[in-house]
Amino acid sequence: AREERVRERMRARHTSPGGVKSIMTALEKVGSEVAFENGMRMLSLRDYDGAVRSLDEAVRLAPHMAHYYPPLAQALLAGPDGGPEELDRALKVLKRAVAVDPDRGEPYHWLGVVLLRMGHRDEARLTLRRALDLGSAHDDETRTVLAGLS
């Protein structure tokens, strides 16, 4: 609500199309960062539904931010409804993360975990190896999961 009031004031003050657009872009960036931080806080508090809502908003506002996607997938997987629909949605979210930035290891790690949970062992193995090739904060976990697949 506050963010919308600020946007309205900015629109009223700045009537030039370029000025308004740059201001709106800046507000969306700030909004996405706030939503992401809020989602991360909720994830750490194990409020998975709240985390999904906030992280969805962050992704909606800044779909080019590849690091927003893995926590969203984590929240989907960890939530109480972590069934087939959430697995499918997490798969789509992580594939989008890989498309946005194919050189980040973290999305590949989580994508491998999702593929494994879906029963796609061979594809999971390849994806987890890719995660290790690129490196991420989850390398130890990735190695452990891969060792279990051998």
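All figures in this text were calculated on a predicted structure; none of them were measured in a lab.

### Concerning the nonpolar core
Membership of the largest hydrophobic core comes to 33 residues, with the highest contact counts inside it found for Leu-72 and Val-114. Counting only elements with at least two residues in this core, the list comes to helix H2 (17-44), helix H3 (48-61), helix H4 (69-78), helix H5 (84-100), helix H6 (105-117) and helix H7 (121-134). Of all the elements, H5 adds the most residues to this core, at 7 residues. Setting aside its immediate chain neighbours within four residues, Leu-72 contacts Val-52, Leu-55, Asp-56, Val-59, Arg-89 and Val-93.

### Let's talk about the packing of H4 against H5
Where H4 meets H5, the closest approach of the two axes is 9 Å, and the angle between their N-to-C directions is 170°. The pairing of H4 with H5 is recorded here as roughly antiparallel in orientation. Contacts between H4 and H5 involve Tyr-69, Pro-70, Leu-72, Ala-73, Leu-76 and Leu-77 from the first element and Glu-86, Leu-87, Arg-89, Ala-90, Val-93, Leu-94, Arg-96, Ala-97 and Val-100 from the second. Split by residue class, the contact of H4 with H5 holds 12 nonpolar, no polar and 3 charged.

### Observations concerning H4
Burial runs high along H4: 8 of the 10 residues are buried. Of all the residues in H4, the buried ones are Tyr-69, Pro-70, Pro-71, Leu-72, Ala-73, Ala-75, Leu-76 and Leu-77.

### Things to note about the pattern of salt bridges
Evaluation of the coordinates by the stated rule reveals 6 salt bridges. Of the charged contacts in the structure, one is a salt bridge between Glu-106 and Arg-104, with a shortest N-O distance of 3.5 Å. For Arg-104, a relative accessible area of 27% gives the class partly exposed.

Rules used in this analysis
Residues numbered from 1 in each chain as written. Predicted model: local features only at pLDDT ≥ 70, side-chain atom pairs only at ≥ 80, totals over all residues. Heavy atoms only, no water. Core = buried A, V, L, I, M, F, W, Y, C linked by side-chain atoms within 4.5 Å. Buried < 20%, exposed > 50% of the residue type's maximum accessible area, 1.4 Å probe, protein only. Helix = DSSP H or I, 4+ residues; strand = E, 2+ residues; numbered from the N terminus. Contact = heavy atoms within 4.5 Å. Axes fitted to C-alpha atoms, helices over the stretch in contact; angles between N-to-C directions. Parallel < 35°, antiparallel > 145°, perpendicular 65-115°, else oblique. Nonpolar A, V, L, I, M, F, W, Y, C, P; charged D, E, K, R; others polar. Salt bridge = Lys/Arg side-chain N within 4 Å of Asp/Glu carboxyl O.

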